[in-house]
Each structure stands twice: as structure tokens, then as C-alpha cells.
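Residue-level listing of the chains:
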Amino acid sequence: MLKASLSQYFPILSWGRQYNRSQLVSDLLAAVIVTIMLIPQSLAYALLAGLPPEVGLYASMLPLVAYGLLGSSNSLSVGPVAVASLMTASAVGRVAEVGSMGYLEAATLLAAFSGLFLLGMGLLRMGFLANFLSHPVIAGFITASGIIIAISQVRHLLGVQAHGDNLYEIVMSLTEHLGDTNFATLAVGVPVVIFLFWVRKGLQPVLEKLGMSPFSAAMVSKAGPVVGVVLTSVAAVVFNLGDRGVALVGSVPSGLPTLSLPPLHHPAWQELLISAIFISIIGFVESVSVGHTLAAKKRQKISPNQELIGLGASNIASSVSGGYPVTGGFARSVVNFDAGAETPAAGMFTAVGIGLAAIFFTPYLAYLPKATLAATIIVAVLSLVDLSILKKTWNYAYSDFIAVASTLVVTLMVGVEAGVACGVFASLALHLYKTSKPHMAVIGEVPGTEHFRNINRHQVVTHEEILSLRIDESLYFANAGFIEDRIYALLEEYPKARHVVIMGTAINEIDLSALEALESINERLGEQGIALHFSELKGPVTDVLEKTDFLKHLKGRVWLSHHQAIAGILAGAKEEQS
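Notes on the structure follow.

When helices and strands are counted, the chain shows 26 helices and eight strands. Taken across its 578 residues, the chain has 51% of its residues classed as buried. Excluding contacts between residues fewer than 6 apart, the proportion of contacts in the chain whose partners are at least 24 apart in sequence is 80%. For the chain, the exposed surface amounts to about 26,800 Å²; the carbon and sulfur share of it is 63%. Across the chain, 34 positive and 40 negative side-chain charges occur, with their mean positions spaced 10 Å apart.

Have a look at this one:
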């Protein structure tokens, strides 16, 4: 029992016992490929977060080890990601100045808060909260964030100073400084952007034509950013680009991060805590989405609750090792999966690779142009932009379109945290709105069957003395008044009705507010000589009603099936007439 309990919280105890040489080889190969991809990405995302480049490397070591021990996905690769980096810059930029020690301390504290929040949710088994953000809302938020990130990096391509927390501020700031463009920086950044876009689509076919296998060609194509890093760093040395105004990364400390607790006494801890909750929710939803997608391809599954624990531990590990908030990255997780990662050990091996890079290769990063990292970010985040979601939701459901459009617009025009809040509010508000006015169909019997369908859609048999209704929603406080008013309005359309029969096939719950509304309906109809009946109520609903006096005072009765209800009522009417 104890072993099973430990395995539930430490998945490594399950897959680790069956680990074999074949899995080791696959995981090592995947780790090498992901390490090559992750080094420039880590540096770039640290730049996006307003942090020193080595912080991106620090956030890619211990978090991977922590997730390997506690995560439930075999393919998810955690680390710095674009959206979390943008949200970090937005949150920390409000409480500290970029480049200051306070800024770095606030970033590590943000990771700690995020980790504690996720870990607490996981231990409380609250993975279901991921459902409060719909996919359209997440798509709208990520699309808007991708646009903001891409535009914000244009300043590094131009070599100018610009700032802003939303699209309007960034664009206006760029416009004001456009005259300060450094053309040497532009000559570095634009070719790298073009090269990286070509690498994503054009390099693999070329390599395959040269005889390379599709798998090898795809993996080599993922190393495009590394090629850009090497070539532009060499160019910076050969052409002395630093003296021409091209911003370089500069000296990067070698070695592994020093372990220390984040400054829990930070004066802005309350504001950081709120931001950490937003970052945690977005990161968790994104990670679970990626994890589910990759697991399904191998007919595996992940545990949302365990993912909360794994991501929480990863963020705490990032915090104590000088990093900032991390989550599962889509691009690197897909590469990890395609490269053949078999277990979470691939992430641990990747952490070792990043550690070796931090020890031996950081001196060579001093001449890396920041424009190269900006180009890496721009190409990476533009793949996240999906404006087609607007058309899809417009054609499918106006409510989803409103949720997507409002989230996208608020994120662009106000900021990322406001966009997240808007997405949550829009999702909940639209759900309440839709369920507050449930579909209520007048139904009749399909001739020759015992099935009942909407009278407006099918040729059915009805009886003027019976009003048959199907309510396609659970009954709760938000729709109780609407249902009551709708029943009275329908009775005005059917003045000869002496019985109202509600089919309960779609009713999963009746709360106290709805029960009080039903009691009122029952009393009012009874005063008019009309009996209220129910049919096909589900067991749990009936169990709740039996705990009250409602069924005792019901003017009609509860029928097993709607067919029996109609037949019984008609038979009773004949007996009364005879």
C-alpha cells in the first residue's frame, strides 16, 4: 500500500523499475537534440523576461530534474517559455527596475510563489480547474501574447530603446525611436529572421534530397537557431560589431547556479503572488494540453493532478537555483517526442547537457548579438499566432467568438494579466449566460414508437390536455426564474393543458434555488387545476428530491418513462370520463 501511494506521487518509482538499455539510448539521443535546441531558446527567453542570459540556463537545469522525478508525462519538456517569460517581465517590471538585483530577486520569488501555488493545487487534487479556461480562450490569449512578444522584439532588431506593456504602447514607443535605428544591428537581425524562417520549412526537404533520412533531416533542422548563434557570434568578432553599436550579450558567468532560498520578505510579495497565480494557471493549462496531445499519440495518459505537483516542484527548483517561472514548452516537447524520448529521464539528461554548456561554453556567448536572440524569439512565437481561431469560432458559435475576441483584444490593448482575467471571466460569464436560458422544447411522440421529439423538428403526436416539455440543462439558481417564466408562458399558448410533464433526461442536478422554483410552479399550477409531472429523472436527482417534501406535495407524479407518463395520464382521463 505504501509503495503504491509513493508511486502515485513519485512516478519515477514506477517507470524507473522497468528502465532498460533501449530506453536509455532513446532518452540520451532525445536529450542531445533538445539540449542543442534549448540553449539558444533559454538565452532568448531570459532576454524576453528582462533577465541576464544565464538565468535562462539556470531555469533549464534543476526544473527538468524535478519534473523527471514527479511529472507524469514521458515527453513533456519544462523550462522557460515565451508566454511565461512575457508575463514575468510584465509582473516583475512593475515592482523593480530591469537589470537591478531587485528585479532578479523578484523573478525568483515569482517562481517560488508559482511553484507553491501549483504544488498546493496538486496536493488538493484540483487539476479540474484547468477546465475553467476553454481552448478558444487559451488560443486567443496565446495568439495575442505571440503578437506582443514578436513586436516587442523588433526593438532589438532595430537596435533602439523601446518599451511598453501592451501593443499600443510598444508600437508607439518603436515609432518614436525609429529614427535611432542602428543599421549594423538591422543587418544582423533581419537575415537571421529570414534564415530561421527558411530553416523551419525549407531545410528539411533540401537535406532529404541530399540523402538524409526524414527523421535525421527534421532533427538537424531544429538546430537552426544554433547555426544562427554561431555565425552571428563569429561575425561580431570578425567585423567588430560591438564597436558599431550592435548590442552583444556580454560576459556570461560560467558554472552552475548557486542554490539559495528566494527573498520571501520582498516588499511587493502580494502583487507578485497575484501575478504568480495567473502565470501558474496559463502554464498549467498549456502544459496539460501539450502533455495530453503527446501522450495520446502513444496511447498513454497523464494525470492533471500529478502534473500540478510536477510543475510546482519544477518552479520551486527554478526558484532556489536562481531561475524564474517555467512550464512545459510546446516546441521543445514536440522535439523531445519526435526525437524518441521514452521516459522523463530524457529531461534529466537534458539538464545535464545544459549544465555542461553552462560550465564550458558560456565564455563564447559574450559576442552573441542580442538581435540574434530576438530573431529566435520572433520566429518561435509567430508559430503560436493562430488568427484562424477567430473565423472558426465565428462560424461555429458566437459565444466562443466573443470569448476569443475579447481575450485577444484585452491582451493586446491592456496587457497579459488583464487578458488572462478577461479570458476566465468571459468563459464563466458565457457559461452562466448560456445555461441561464436553457433550451426548452415542447415534445410529442413519434408515431409508432415510444420516442419523443421536438414538435418544431419532427412530425409527432401531441395531446391538447398535456404539455410535454424537455429541459436541456440542469436546474440551478441562474436558470430557475427563466424556467418558471417559460412554463407559464407556454401554458398561455396551450390553454387546454391540464397536465405539465417535464422530461428529465438532460437534468443532472437540481439545486435549492431551482427546487424552490419547482415548488412555486407546483403550487401555482395546482391552484389552476393543472398537475405537474416528471419523467425519466436520473437516480441522483431523484435521491436529492426524496430528501425533501417536494415529491409528497407534487400534484402529479414521477414516471419511469415519458411514454408511460403520457399513456398513464390519458388512461386516467378516460377513467374519469367513464
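Below, the discussion takes up empty space enclosed by the protein. Inspection of the entire model under this criterion finds three cavities of 30 Å³ or more. The calculated volume of the largest cavity comes to roughly 60 Å³. In terms of lining, the largest cavity is formed by Ala84, Ser114, Leu118, Ile279, Ser280, Gly283, Phe284, Leu311, Asn315, Pro325, Val326 and Thr327. Taken together, the elements giving at least two residues each to the lining of the largest cavity come down to helix H7 (101-123), helix H14 (269-297) and helix H15 (304-320). Of the residues that constitute the lining of the largest cavity, the class distribution is seven nonpolar, five polar and no charged.

The subject of this paragraph is the packing of H14 against helix H16 (residues 330-338). At their nearest, the axes of H14 and H16 sit 10 Å apart, and the two run at 20° to each other. Accordingly, the angle class assigned to the pair H14 and H16 is roughly parallel. Regarding H14 and H16, the two cross each other, and that crossing is right-handed. Of the residues in H16, those touching H14 at Glu286, Val290, Leu294 and Lys297 are Phe330, Ser333, Val334 and Phe337.

Moving on: the nonpolar core. Formed by 86 residues in total, the largest nonpolar core has its most connected members in Met87, Phe141, Ile282 and Tyr324. Ranked by residues supplied to this core, first place goes to H14 with 11 residues. By size, the runner-up hydrophobic cluster in this structure holds 31 residues, among which are Met440, Leu469, Ile507 and Ala517.

Across the sheet, which stays open at both edges, the six strands sit in the order E4-E3-E5-E6-E7-E8 with mixed pairing between neighbours. Looking at which strands have only one partner, the edges of the open sheet turn out to be strand E4 (452-454) and strand E8 (558-559). By the bridge criterion, three bridges tie strand E3 (residues 440-445) to E4 in an arrangement that is antiparallel. Within E4, the residue paired with Ile443 across the bridge is Asn454. Lying over the sheet, helix H23 (residues 512-527) contacts strand E6 (499-503) and strand E7 (531-535), oriented at roughly 135° with respect to E7.

The subject of this paragraph is the layout of surface pockets. The method is simple in principle: a probe with the dimensions of a water molecule rolls over the atoms, and the space it marks as empty is what remains. In this model, the largest pocket occupies a volume close to 1,400 Å³. The wall of the largest pocket is formed by 45 residues, among which Phe330, Ala331, Ala380, Ser383 and Leu384 lie closest to the centre. Tallied by class, residues from the lining of the largest pocket come to 26 nonpolar, 13 polar and six charged. Counted as a void, the second largest pocket has a volume near 1,100 Å³. What lines the second largest pocket is a set of 45 residues, and nearest its centre among them are Leu47, Gly50, Val98, Arg155 and His156. Contributing elements (two or more residues each) for the lining of the second largest pocket: helix H3 (21-48), helix H4 (53-58), helix H6 (82-92), H7, helix H8 (135-152), helix H9 (154-158) and helix H18 (370-382). Its residues placed into classes, the lining of the second largest pocket shows 24 nonpolar, 15 polar and six charged.

Our next topic: the pattern of salt bridges. Taken as a whole and judged by the stated rule, the model has four salt bridges. Arg94 is the partner of Glu271 in a salt bridge, and the nearest nitrogen-oxygen pair spans 2.9 Å. Here Arg94 lies in the loop between H6 and H7 and Glu271 lies in helix H14, a separation of 177 residues in the sequence. For Arg94, a relative accessible area of 40% translates into the label partly exposed. Among the ionic pairs, Glu464 bridges to Lys496, the shortest N-O distance being 3.7 Å. Residue Glu464 is found in the loop between E4 and strand E5 (466-471), and its partner Lys496 is found in the loop between helix H22 (480-493) and E6; the two are separated by 32 residues along the sequence. Classification of Lys496 by relative accessible area gives exposed; the value is 54%.

We now examine the pairing of E3. Judged by how many residues are buried, E3 sits mostly within the fold: six of six residues are covered. Across the two faces of E3 the burial is the same, with Met440, Val442 and Gly444 and Ala441, Ile443 and Glu445 all buried. Direction of pairing for E3 relative to E5: antiparallel, over a ladder of three bridges. By the bridge assignment for E5, Ala441 is matched with Arg470. Between E3 and E4, which follow one another and run antiparallel, lie six residues, and Gly448 among them has a positive phi close to 80°.

Another aspect to go through is helix H26 (residues 562-577). For H26, spanning 16 residues, the distance from its first C-alpha to its last is 23 Å, which sits close to the expected 22 Å at 1.5 Å a residue. Residues His562, Ala565, Ile566 and Ile569 constitute the buried set of H26. Taken around the axis of H26, the buried residues stretch over an arc of 95°, which confines them to a single face. Facing away from the buried surface of H26 by more than 90 degrees, the exposed residues are Lys574 and Glu575. The elements touched by buried residues of H26 are E3, E4, E5, E6, E7 and E8.

Rules behind the numbers
Residues numbered from 1 in each chain as written. Predicted model: local features only at pLDDT ≥ 70, side-chain atom pairs only at ≥ 80, totals over all residues. Heavy atoms only, no water. Helix = DSSP H or I, 4+ residues; strand = E, 2+ residues; numbered from the N terminus. Buried < 20%, exposed > 50% of the residue type's maximum accessible area, 1.4 Å probe, protein only. Contact = heavy atoms within 4.5 Å. Areas by Shrake-Rupley, 256 points an atom, 1.4 Å probe, with all protein chains shown as cover. Lys, Arg positive; Asp, Glu negative; His and termini not counted. Charge placed at Lys NZ, Arg CZ, Asp CG, Glu CD. 1 Å grid on protein atoms, 1.4 Å probe; cavity = no way out; pocket = protein on both sides within 12 Å on 5 of 7 lines; lining within 4 Å. Points joined across faces, edges and corners; volume = space filled by probe spheres on them. Nonpolar A, V, L, I, M, F, W, Y, C, P; charged D, E, K, R; others polar. Axes fitted to C-alpha atoms, helices over the stretch in contact; angles between N-to-C directions. Parallel < 35°, antiparallel > 145°, perpendicular 65-115°, else oblique. Left-handed = near helix turned anticlockwise from the far one by under 90°. Core = buried A, V, L, I, M, F, W, Y, C linked by side-chain atoms within 4.5 Å. Pairing = 2+ DSSP bridges. Salt bridge = Lys/Arg side-chain N within 4 Å of Asp/Glu carboxyl O. Expected span 1.5 Å × (residues − 1). Arc of directions from axis to C-beta.

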